Each structure stands twice: as C-alpha cells, then as structure tokens.
Amino acid sequence: MTQRIVSGIQPTGRLHLGNYLGAIRNWVRMQDAVATGGRCFFFLADLHSISVHEDAATRRANVREMAAALIAAGVDPARSTLFSQAQVPAHPELAWLLNGTARIGWLNRMTQFKEKSGKNREGASAALYVYPVLQAADVLLYQATHVPVGEDQKQHLELARDIATKFNTDFEVDLFTLPEPIIPPAAARIMSLRDGSAKMSKSDPSDMSRINLSDDVDMVVQKIRKAKTDPAPLPDDPAELADRPEARNLVGIYAAMADEPVPAVLARFAGQGFGAFKPVLADLLVETLGPVKTRLDQLRDDPGELDRLLAAGAAQAREAAAPTLAGAYRAMGLRD
Ligand code: TYM
C-alpha cells in the first residue's frame, strides 16, 4: 500500500529534546525514506492548542516558532506537506462528523485527559475532552498508514483506529485506513532532567527540566551539568538501571542521540560516574543540536517566508483532504 505518513505537534512552547527524539527525528527519517508515490503530512496542531487559553499574539508567535523549529530539525517543505490545522477546515469538519461515532466511554478512558484536567475536571475546556476525536480526524483525513509519535500518543492512535473501524462498519463503507503508530523504542519517553518519573514536557514550569532545540551551547551544558543523578557509577548491565530513573534517562538520551543500543553505551562507560559521563553527553548534544539552532535562528529572521511556506502547505493539505471528507459526508447521507 502507498505510504501516507501523518503527524502533528502542538505549537505551545518550544520544540524540546523529548519531541525531537520521540517524534520529529522519525518524521525526518520517514520523509527521507518514503517510497515513490508515498506522501508525508506534518502539521502544527494549533486547533488542539485551544484546549488551553492563550492570547492571539502568543498563539501566532508560537505557530511560527514551531514551524521554524520543525524546518530547522529537517522537515523539508519541498518534500513534505507542512501546514497548520487552522488553515485546513476539513480537520474540524471531519472531527464533528466523527463525534457521532466516538463513544463517551472511550473518551473517558483517555489518560491524557485525566492527567491534563487533573483535579479540576469540571473546569477543563470541552476541547480538552474531545481533543482525541480531532486527533483521529487529523490522521484519517489523509488515509494515514503510519503515524510517528512518542509513546504518550499511543492511546490516542488506538482510539483513532477504533473510530475508523466503527465508522466503516456502521456505514458499511471502506472509507478510512487504519493508522499504525511508529514509536522509537529507545526514545519513546524522554524524562525530565529534574525528575526521572515525569515526562520531559513543554508545560513543565522549570525550563531546567528540558533541553530546547533553541538553547545555546552554554545552556545545554549547564542543564546537563545540573541534571538530577545519583552518586553510583554506571553499571555494565542495563537491568541495574531499573531503579535509577534519572541515570536511565541520561543513558537513554545518549543512546538515542548516538543511535547506539543501551548495552553498547554502558559497555563504554561502565564504572564511570556522572562527573565523567555528563560532559560527554553534553558534547554529543551540542554537536547534533548546534546546527539545528543555527538554522532556527536564520529562519526566525524571515517570518514572511515562514507564512508563505505554511500557506503553500495548507493549500496542498486542503486538496489532499477533500476526497475523504466528501466520502464521510456521503457515507452519512449528509451530502450526495
Ligand atoms: P505534543 O505536541 O505533546 O508532542 C509532539 C510529539 O512529541 C512526542 N513527545 C515525546 N516523545 C518522547 N518523550 C517525551 N518526553 C515527549 N514529549 C512529547 C509526542 O508523543 C508527539 O509525538 N496530541 C499530540 C499532537 C497531535 C497529533 C495529531 C500527533 C495532534 N494531532 C495527529 C499525531 C497525529 C500532542 O499533543 O503532541
């Protein structure tokens, strides 16, 4: 089957190492490897970002900043369709149609809603609750075959498959393709540098908890130097990292960055403490992320060009989305 690769990122805050290793690096690899006839769609989930209040100027700035960061990280708008959801009305339209198929019981099981709404469930926006239905529309619209994401999105993708299956069955059509999540084993879940039990996240109030792709060399070095660790030396057996979440996270980041298996990294550093390991890790990060930051600084200087690229991407996306949206209206007897 022709490959259709689709994925999105919320344009809130900056692109961080968790996004990069968990998802974006795979976007770029899949874009580079996609077979002839295949297509990649990557988007800024600005319609998802309304689930949390933000003023208009901040949202606009965040969309441009994230678009620049994705291009700097290797997404090529000449080969991949790069756009923002808000410029493609088929996304919220299909999401509304799928609301007829999605079950409340399914949404009630979504762990991300539970985590994000926390104790203030009644005060959370309705958008936060129906968020996974829009996410299903995002991928089903383009007949996605593969969706490169970090592990935290796996449940949302399973929901998208459930919605697609139920829609196809209920309306007796073969409209939607079932998407496969693509999750990198080594970097499925990069953790906070301050707390090995929390995910590295844009919404963590401490900037020291994450490496942003926009951080300069001194900042990266400082964040790794201050990253929480323990006094024990590195073991040679990965099993011995099981109860050392911070150590495991730093070794995992090294392994993912260097594209080496964890046992190979441990074989090299076993017996050494973090005083020796951290500077080597910081060097590796700086070496890889330095060129990304340089490109990002250049792209930021030309917001007009970013807007032009996003407008061109949205035009391509609108065209690609139209047949599936029309098929959904037809299947439901809403339009001929
Ligand atoms: P978002 O914006 O939170 O994150 C973007 C991508 O980065 C991955 N990720 C991580 N991976 C490993 N370790 C981490 N600490 C880490 N933090 C984030 C996420 O898994 C994701 O792949 N709902 C999505 C955006 C979205 C989407 C879609 C994704 C909207 N529609 C359709 C795929 C397909 C989100 O909020 O991702």
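Since the structure is predicted, the reported quantities are computational estimates derived from the model, not experimental observations.

**A short note on the overall build of the protein**
Per the secondary structure count, the protein includes 13 helices and five strands. Over its C-alpha atoms the protein spans a radius of gyration of 21 Å, differing by no more than 12% from the 20 Å that the globule rule assigns to 336 residues. Considering only C-alpha atoms, the protein reaches an extent of 70 × 45 × 45 Å along its principal axes. Across the 336 residues of the protein, 49% fall into the buried class. Once local pairs closer than 6 in sequence are excluded, the contacts in the protein between residues at least 24 apart make up 76%. Accessible area for the protein stands at about 15300 Å²; split by element, carbon and sulfur atoms hold 53% of it.

**Brief notes about helix H1 (residues 17-33)**
End to end, H1 covers 22 Å across 17 residues, agreeing with the expected 24 Å (1.5 Å per residue, within 8%). Of all the bends in H1, the largest measures some 40° and sits at Ala23. Within H1, 14 of the 17 residues are buried, leaving the element largely enclosed by the surrounding structure.

**Quick notes on the packing of aromatic side chains**
Ring pairs (aromatic) are described by centroid distance and by the angle formed between their planes. Under the defined criterion, the tally for this structure stands at 11 aromatic pairs. Consider the rings of Phe113 and Tyr129, whose centres lie 5.1 Å apart with planes at 70°: the pair is edge-to-face. Placement of Phe113 in helix H6 (residues 111-117) and of Tyr129 in helix H7 (residues 126-140) is noted, with a sequence separation of 16 residues between them. Given a relative accessible area of 7%, Phe113 falls into the buried group.

**Quick notes on the site of the ligand**
If you check the shell around the ligand, you find 28 residues, and the closest are Gln10, Tyr131, Asp138, Asp152 and Ile190. At 3.2 Å from a nitrogen atom of the ligand is found a main-chain nitrogen or oxygen belonging to Gly18. Note that a nitrogen atom of the ligand is positioned 2.6 Å from one of the side-chain N or O atoms of Asp138. Of all elements in the fold, only strand E1 (4-9), H1 and H7 reach the threshold of two or more residues within the shell around the ligand. When the residues that make up the shell around the ligand are grouped by side-chain class, the tally is 12 nonpolar, 11 polar and five charged.

**A look at the environment of Ser197**
By secondary structure assignment, the location of Ser197 is in the loop between strand E5 (180-182) and helix H9 (217-226). Considering only alpha carbons, one finds Ser197 and Asp32, 165 residues apart in sequence, at a separation of 34 Å. At 2.7 Å, the side chain of Ser197 and the side chain of Asp195 are in polar contact.

**Side note on empty space enclosed by the protein**
On inspection of all chains with the given rule, the structure shows two cavities of 30 Å³ or more. If you add up the space inside the largest cavity, you get close to 60 Å³. Met110, Gln112, Phe113, Lys116, Leu128, Tyr131, Pro132 and His156 are the residues that line the largest cavity. Listing elements by their share of the lining of the largest cavity, those giving two or more residues are H6 and H7. Residue composition of the lining of the largest cavity, grouped by class: five nonpolar, two polar and one charged. Of the volumes computed, that of the second largest cavity is approximately 40 Å³. Looking at the second largest cavity, the residues that line it are Gly13, Arg14, Leu15, Glu65, Met66, Ala69, Leu213, Ser214 and Leu296. A class-by-class count of the residues in the lining of the second largest cavity yields five nonpolar, two polar and two charged. No fewer than three residues from each of domain 1 (4-188 + 303-331) and domain 2 (207-299) sit in the lining of the second largest cavity.

**Overview of unusual backbone geometry**
Phi angles above zero are rare outside glycine, and Glu172 is one such case at about 50°. What makes Glu172 exposed here is its relative accessible area of 72%. Residue Asp259 is not a glycine yet carries a positive backbone phi of 55°. Structurally, the position occupied by Asp259 is in the loop between helix H10 (245-258) and helix H11 (262-269).

**What to know about the packing of helix H4 (residues 90-98) against helix H13 (residues 303-331)**
Put simply, H4 and H13 touch, their axes get as near as 10 Å, and they point 25° apart. The angle between H4 and H13 falls in the class roughly parallel. Considering how the two elements wind past one another, H4 and H13 form a crossing that is left-handed. Where H4 approaches H13, its residues Ala90, Glu93, Leu94 and Leu97 are matched on the opposing element by Ala321, Leu325, Ala328 and Tyr329. Grouping the amino acids of the contact of H4 with H13 by side-chain chemistry returns seven nonpolar, no polar and one charged.

**Description of the layout of surface pockets**
The computed volume of the second largest pocket comes to approximately 300 Å³. For the lining of the second largest pocket, the element with the highest residue contribution is H10, accounting for six residues. Taken together, the residues that form the lining of the second largest pocket break down as 12 nonpolar, three polar and two charged. Of the residues that make up the lining of the second largest pocket, three or more belong to each of domain 1 (4-188 + 303-331) and domain 2 (207-299).

Cut-offs and rules
- Residues numbered from 1 in each chain as written.
- Predicted model: local features only at pLDDT ≥ 70, side-chain atom pairs only at ≥ 80, totals over all residues.
- Heavy atoms only, no water.
- Helix = DSSP H or I, 4+ residues; strand = E, 2+ residues; numbered from the N terminus.
- Rg over C-alpha atoms; globule rule 2.2 N^0.38 Å.
- Buried < 20%, exposed > 50% of the residue type's maximum accessible area, 1.4 Å probe, protein only.
- Contact = heavy atoms within 4.5 Å.
- Areas by Shrake-Rupley, 256 points an atom, 1.4 Å probe, with all protein chains shown as cover.
- Expected span 1.5 Å × (residues − 1).
- Bend = angle between axes of the 7 residues up to and from the residue.
- Phe/Tyr/Trp six-rings, centres within 6.5 Å; stacked < 30°, edge-to-face > 60°.
- Near = heavy atom within 4 Å.
- Polar contact = N/O pair within 3.5 Å; in protein donor to acceptor, adjacent residues only side chain to side chain.
- Nonpolar A, V, L, I, M, F, W, Y, C, P; charged D, E, K, R; others polar.
- 1 Å grid on protein atoms, 1.4 Å probe; cavity = no way out; pocket = protein on both sides within 12 Å on 5 of 7 lines; lining within 4 Å.
- Points joined across faces, edges and corners; volume = space filled by probe spheres on them.
- Domains from an automatic or database assignment.
- Axes fitted to C-alpha atoms, helices over the stretch in contact; angles between N-to-C directions.
- Parallel < 35°, antiparallel > 145°, perpendicular 65-115°, else oblique.
- Left-handed = near helix turned anticlockwise from the far one by under 90°.

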